[in-house]
Amino acid sequence: MSASVLVAYATRYGSTQEVAEAVASTLRERGLEVDFQPMQDVRTLDQYGAVVLGAPLYMFHWHKDALNFLARHRAALTARPVAIFALGPFHAEEKEYQEVRRQLDKELAKFPWLTPEAIAIFGGKFDPEKLTFPHNLVPALKNMPASDIRDWTAIRAWASDLAAQFQPAMA
């Protein structure tokens, strides 16, 4: 294993990629070598000492690319530190964050072998103008106002904490 960290993401409309970019940038600023790529493009984890996975929750489910990634890389993920983040809430309400965390926990329970070092829920970005099928057929979604509650300070702080956690494992 090398001293490199993989930051892999799944996204539908681009906001999770932007958060993953901020995580990768923060890890680099803290002295870690980072590779950044979409989950669906990752073929092997052999060259990574740690992995950060980020994907949104849509309609009560974690992005399919994230679920496929976990299934495809089971053996490798059990052999290195893993951190996970999800975007989901569109409103800065604690109840909504708790519900998204419950949904993510339910999705991750399908992978009982997975023991992430850190899990974070970040506020999401929503733009009804960018909805595609099948989300553009849901009247409640089409009528929601646009919002962006991503907390960049919290995202960078979480990534900074991850760097401190990962560095001993990668020495």
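Located above this text is the structure these notes cover.
Basis of the calculations
- Residues numbered from 1 in each chain as written.
- Predicted model: local features only at pLDDT ≥ 70, side-chain atom pairs only at ≥ 80, totals over all residues.
- Heavy atoms only, no water.
- Core = buried A, V, L, I, M, F, W, Y, C linked by side-chain atoms within 4.5 Å.
- Buried < 20%, exposed > 50% of the residue type's maximum accessible area, 1.4 Å probe, protein only.
- Helix = DSSP H or I, 4+ residues; strand = E, 2+ residues; numbered from the N terminus.
- Contact = heavy atoms within 4.5 Å.
- Expected span 1.5 Å × (residues − 1).
- Arc of directions from axis to C-beta.

### What to know about the nonpolar core
Ranked by size, the top nonpolar core spans 28 residues in total, and within it L45, L53, W62 and L70 carry the most contacts. Of all the elements in the fold, those that place two or more residues in this core are strand 1 (4-9), strand 3 (50-58), helix 2 (64-72), helix 3 (74-77), strand 5 (82-87) and helix 4 (94-108). If we ignore the near neighbours within four places in the chain, the residues touching W62 are A55, P56, L57, L67, L70, I84, F85, A86, L104, E107 and L108.

### Structural notes on helix 6 (residues 152-169)
Helix length check: helix 6, at 18 residues, gives a terminal C-alpha distance of 26 Å against a target of 26 Å (1.5 Å per residue), a fit within 8%. All of the buried residues in helix 6 are I155, W158, A159, L162, A163 and F166. What you see down the axis of helix 6 is that its buried residues fit within an arc of 155°, all on one side. Pointing more than 90 degrees away from the buried face of helix 6 are the exposed residues T153, D161 and P168. In this structure, the buried residues of helix 6 make contact with strand 1, helix 1 (15-29), strand 3, strand 5 and strand 6 (118-122).

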